Amino acid sequence: MQPVLDERIKGRQGYGLIQVVTGDGKGKTTSAIGQCVRTVGAGKRAAIIFFDKGGEHYMERKVFDAFAVEDHERGLGRVEWWAFGRDRIDPVSGRFDFSVTDEDRKSGAIGLEKARDLMESDQFDLLLLDEVNSSASLGIVDEKAVLDLLKQKHDRTEIILTGRNAPQSFLDDAHLVTEMKLIKHYFYSGVSAREGLDY
């Protein structure tokens with residue numbers, strides 16, 4: 001497939017674009033987190049909102065806490081994060097709860113409100129909305145509310161939207177779209193999610 005020329009941004013430099021990382025393959029959040037690390041390494045500020053990812057078992061958050069304060073001496077920026085949603089992994093069985101409840105929708109709305117606040121504060125160079133694609137697809141967040149948020153973003157704020165099943169409207173607004181494709185996954189061979197690799 002030939003890459004598409006986006007006339008809206010022809011010749012543009014710097015932050016301020018919209019990226020979508022979607023698809024049924026593994027690595028969407030991991031890819032976006034890598035860009036947050038690069039942002040911090042460049043002395044800039046990143047903010048992450050985790051949608052539909054409550055719970056304490058996501059190992060990357062421990063690392064983010066170590067970069068919550070800028071290190072001017074080493075030229076490092078900072079990253080801050082907020083998680084919204086219930087813990088979907090049953091602590092006894094380890095099974096994932098796929099249901100969507102009013103509690104999920106309420107949490108999603110609070111997450112979007114936080115994203116709006118961060119956007120208005122104009123403190124961050126990059127804003128990662130992790131799992132917002134799947135949250136919109138499942139009705140946990142309102143698709144139109146996400147599109148309105150994208151329209152309100154500052155010209156210099158980069159936004160990354162991750163998650164499966166990105167709505168077509170998100171793909172249309174984005175300047176970069178990457179689809180992670182599932183070819184093979186150890187999960188289907190009975191390998192459980194592994195600490196430090198899958199969460």
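Right above here is the structure, for reference.
Notes on the structure in this doc start here. (Residues numbered from 1 in each chain as written. Predicted model: local features only at pLDDT ≥ 70, side-chain atom pairs only at ≥ 80, totals over all residues. Heavy atoms only, no water.)

1. Let's talk about the overall build of the protein
Step number 1: When helices and strands are tallied, the protein shows 6 helices and 6 strands.
Step number 2: Reading the helices (α) and strands (β) of the protein from amino to carboxyl end gives β-α-β-α-β-α-β-α-α-β-α-β.
Step number 3: Summarising its shape, the C-alpha atoms of the protein cover approximately 50 × 40 × 35 Å along the three principal directions.
Step number 4: Here the protein holds 199 residues, and the buried ones make up 40% of them.
Step number 5: Counting contacts in the protein only where the partners sit at least 6 residues apart, residues at least 24 apart contribute 79% of the total.
Step number 6: When the accessible surface of the protein is split by element, carbon and sulfur atoms take 52% of a total near 11,500 Å².
Step number 7: Side-chain charges of the protein comprise 28 positive and 34 negative groups, with the mean position of each set lying 3 Å from the other. (Helix = DSSP H or I, 4+ residues; strand = E, 2+ residues; numbered from the N terminus. Buried < 20%, exposed > 50% of the residue type's maximum accessible area, 1.4 Å probe, protein only. Contact = heavy atoms within 4.5 Å. Areas by Shrake-Rupley, 256 points an atom, 1.4 Å probe, with all protein chains shown as cover. Lys, Arg positive; Asp, Glu negative; His and termini not counted. Charge placed at Lys NZ, Arg CZ, Asp CG, Glu CD.)

2. Examining the pattern of salt bridges
Here the idea is simple: oppositely charged side chains can pair when their charged atoms come close.
Step number 1: In this structure the tally under the stated criterion is 17 salt bridges.
Step number 2: When the shortest N-O distance is used, the salt bridge between Glu70 and Arg78 registers 3.2 Å.
Step number 3: For Arg78, a relative accessible area of 11% gives the class buried.
Step number 4: Measuring nitrogen to oxygen at the nearest pair gives 3.0 Å for the salt bridge that ties Asp71 to Arg74.
Step number 5: Taken together, the shared-partner salt bridges connect Asp52, Arg86, Arg88, Asp97 and Asp104 into one network. (Salt bridge = Lys/Arg side-chain N within 4 Å of Asp/Glu carboxyl O.)

3. Section: the environment of Phe124
Step number 1: With respect to the element layout, Phe124 can be found in the loop between helix 3 (102-121) and strand 4 (126-130).
Step number 2: Counting along the chain gives 47 residues from Phe124 to Gly77, while the straight-line C-alpha distance between them is 10.0 Å.
Step number 3: Sequence-distant contacts of Phe124, defined by excluding residues within four places in its chain, comprise Arg45, Ala46, Ala47, Arg78, Glu80, Trp82, Leu118 and Thr157.

4. Comments concerning a nonpolar patch on the surface
Step number 1: Taken together, the side chains of Ile89, Phe96 and Phe98 make up a nonpolar region of the molecular surface, amounting to roughly 330 Å² of accessible area.
Step number 2: Inspection of the secondary structure puts Phe98 in the loop between strand 3 (78-83) and helix 3.
Step number 3: Taking relative accessible area as the criterion, Phe98 reaches 69% and is therefore assigned exposed. (Patch = residues over 30% accessible without salt bridge, like charges linked within 9 Å, V, L, I, M, F, W, Y side chains within 5 Å.)

5. Looking at unusual backbone geometry
Step number 1: Phi is positive for Glu131, close to 65°, though the residue is something other than glycine.
Step number 2: Assignment of secondary structure puts Glu131 in the loop between strand 4 and helix 4 (132-138).
Step number 3: For Glu131, a relative accessible area of 17% puts it in the buried group.

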